[in-house]
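Take a look at the letters that make up each chain.
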Amino acid sequence: MTRWTVLLAVMALGAACNEARSPDKSARVQLKKTGAATMEVIPAAGQLPYCLLYTMSEKGVIRQLTLTRENRSIRCDANKPVANTSFRIPVQEGKVRVYVFFSDERVQAGPVAQQLYDLRDKERVTAMDMRLPGRVFVETLEFTPETGEPEMTGGVVGAGGVVTSDGGTGTGTVGGGGSMIPVDPVDD
């Protein structure tokens, strides 16, 4: 009887260890840092065709990144940046959680935003938490914006091609000791 008990205990432990190992989860999406405070969101191959992107900052600010006229999810092609763009994350809001909602049909973005707002205190949001039609997968990633070099803004060009101001950067005015240099037109 003792041998059987030991054998059963060993088999039970072996089964528990095998179940404890999580299968390799392939990421549905990847964040690619393109600047100090900018990122691209790139879906992996084999994902559902539509997506919505939201960020939630440490300060509780929720932003919808994929905003369209219809306010619906957009087509998200594999291995290409969503909306063919980089998204800027405000540094003053701190680290953000990026929520990517993949769906098999176009989804209204407003109700998703409201549900995210309702779930803002929840540490982890899953597709089961959302009331959405069709098949939906949720991927949550984190991004921390950093202070980088200041944005470069061009000058305002006036009549005759003369730069008349610094474009609102506050670096001074042309001819007034600022950092801008007037540009003369080139004759062809």
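The rules we used
Residues numbered from 1 in each chain as written. Predicted model: local features only at pLDDT ≥ 70, side-chain atom pairs only at ≥ 80, totals over all residues. Heavy atoms only, no water. Phe/Tyr/Trp six-rings, centres within 6.5 Å; stacked < 30°, edge-to-face > 60°. Lys NZ or Arg CZ within 6 Å of the ring centre and 35° of its normal. Helix = DSSP H or I, 4+ residues; strand = E, 2+ residues; numbered from the N terminus. Buried < 20%, exposed > 50% of the residue type's maximum accessible area, 1.4 Å probe, protein only.

In this description, an aromatic ring pair is defined by two values, namely the gap between the centres and the angle between the planes. This model, assessed by the stated rule, comprises two aromatic pairs. Ring pairs connect the aromatic residues Tyr-54, Tyr-99 and Phe-101, which therefore count as one cluster. Here the basic side chain of Arg-28 rests over the ring of Phe-137, its NZ or CZ set 3.9 Å away from the ring centre.

Although it is not a glycine, Asn-79 adopts a positive phi angle of roughly 60°. Checked against the element boundaries, Asn-79 lands in the loop between strand 5 (74–75) and strand 6 (87–88). The exposure class of Asn-79 is exposed, given its relative accessible area of 58%. Notably, Asn-84 is not glycine yet its phi reads approximately 50°, a positive angle. Here Asn-84 shows up in the loop between strand 5 and strand 6.

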